[in-house]
Amino acid sequence: MKKVFLTFVFALLSVVSFAQTAWQVDPMHSSVNFNIKHMGISFVQGRFDKFDGKAVTKGNTLDNAELSFNVNVASINTGVEMRDNHLKSADFFDAEKFPAMTFVTSSVVKEKNNSYVVKGKLTIKDVTKEISVPVTFGGVTKNQQGKEVMGFQAAFKVNRLDYNIKYDPTGAGVAKDVDVNLYFEMVKQ
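What comes next concerns the included structure. (Residues numbered from 1 in each chain as written. Predicted model: local features only at pLDDT ≥ 70, side-chain atom pairs only at ≥ 80, totals over all residues. Heavy atoms only, no water.)

### Thoughts on the overall build of the chain
And then number 1: When helices and strands are counted, the chain shows two helices and eleven strands.
And then number 2: Taken from the N to the C terminus, the helices and strands of the chain come in the order α-β-β-β-β-β-β-α-β-β-β-β-β.
And then number 3: In terms of principal-axis extent, the alpha carbons of the chain reach across some 75 × 35 × 35 Å.
And then number 4: For the chain, long-range pairs separated by at least 24 residues make up 56% of all intrachain contacts whose partners lie at least 6 apart in sequence. (Helix = DSSP H or I, 4+ residues; strand = E, 2+ residues; numbered from the N terminus. Contact = heavy atoms within 4.5 Å.)

Structure (structure tokens):
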């Protein structure tokens with residue numbers, strides 16, 4: 001009887017320790033934003049209005065999480081239709097040929113407090129590169145519907161020339177580096 005009980009306890013602990021939790025991006029409480037210097041004197045801010053993402057965690061932290069995100073390039077929004085159409089063209093994102101930007105993690109490492117370093121493959125147009133992204137984990141709570149939600153944010157730079165966005169390669173009119181700011185709230189599935 002004691003062996004049966006111990007076997008049950010070890011089996012239960014194995015299931016609990018390897019249990020995975022799935023999360024889905026809540027687009028109403030998330031955003032994908034960017035900021036780029038223009039003419040060396042001002043900035044253009046924008047966002048992508050359509051995106052999705054998911055996470056698989058072991059519990060309610062980002063420790064060793066698996067994350068993947070997909071951004072609809074044609075949903076770019078800078079508040080100026082003419083500029084948005086130019087950004088969708090072959091000069092920039094070539095949205096018709098490359099409709100999505102993607103990111104998939106290769107590792108998530110906890111630093112200190114609520115800080116993590118997320119490494120993964122970012123694909124823009126026809127280029128995929130490994131990047132490291134500092135992430136601040138906001139924690140887990142329950143929303144108004146009683147569902148568990150987790151939040152995190154990230155801020156990093158991307159050199160657009162590295163991803164074949166070659167318009168104005170000197171960076172005199174449109175800077176080479178783009179500041180990216182992500183804010184995600186994810187709902188437990």
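### Some remarks on the side chain of K125
And then number 1: Counting through the fold element by element, K125 comes out in the loop between β8 (115–124) and β9 (127–142).
And then number 2: Salt bridges are absent for the buried K125, whose nearest opposite-charge side chain, D94, sits at 5.4 Å.
And then number 3: A polar side-chain atom of K125 sits 3.0 Å from the main-chain carbonyl oxygen of F92.
And then number 4: A polar contact of 2.8 Å, which involves the side chain of K125, links it to the backbone oxygen of N164.
And then number 5: Residues contacting K125, with those up to four places away along its chain left out, are A90, F92, F93, D94, F98, Y163, N164 and I165. (Buried < 20%, exposed > 50% of the residue type's maximum accessible area, 1.4 Å probe, protein only. Lys, Arg positive; Asp, Glu negative; His and termini not counted. Salt bridge = Lys/Arg side-chain N within 4 Å of Asp/Glu carboxyl O. Polar contact = N/O pair within 3.5 Å; in protein donor to acceptor, adjacent residues only side chain to side chain.)

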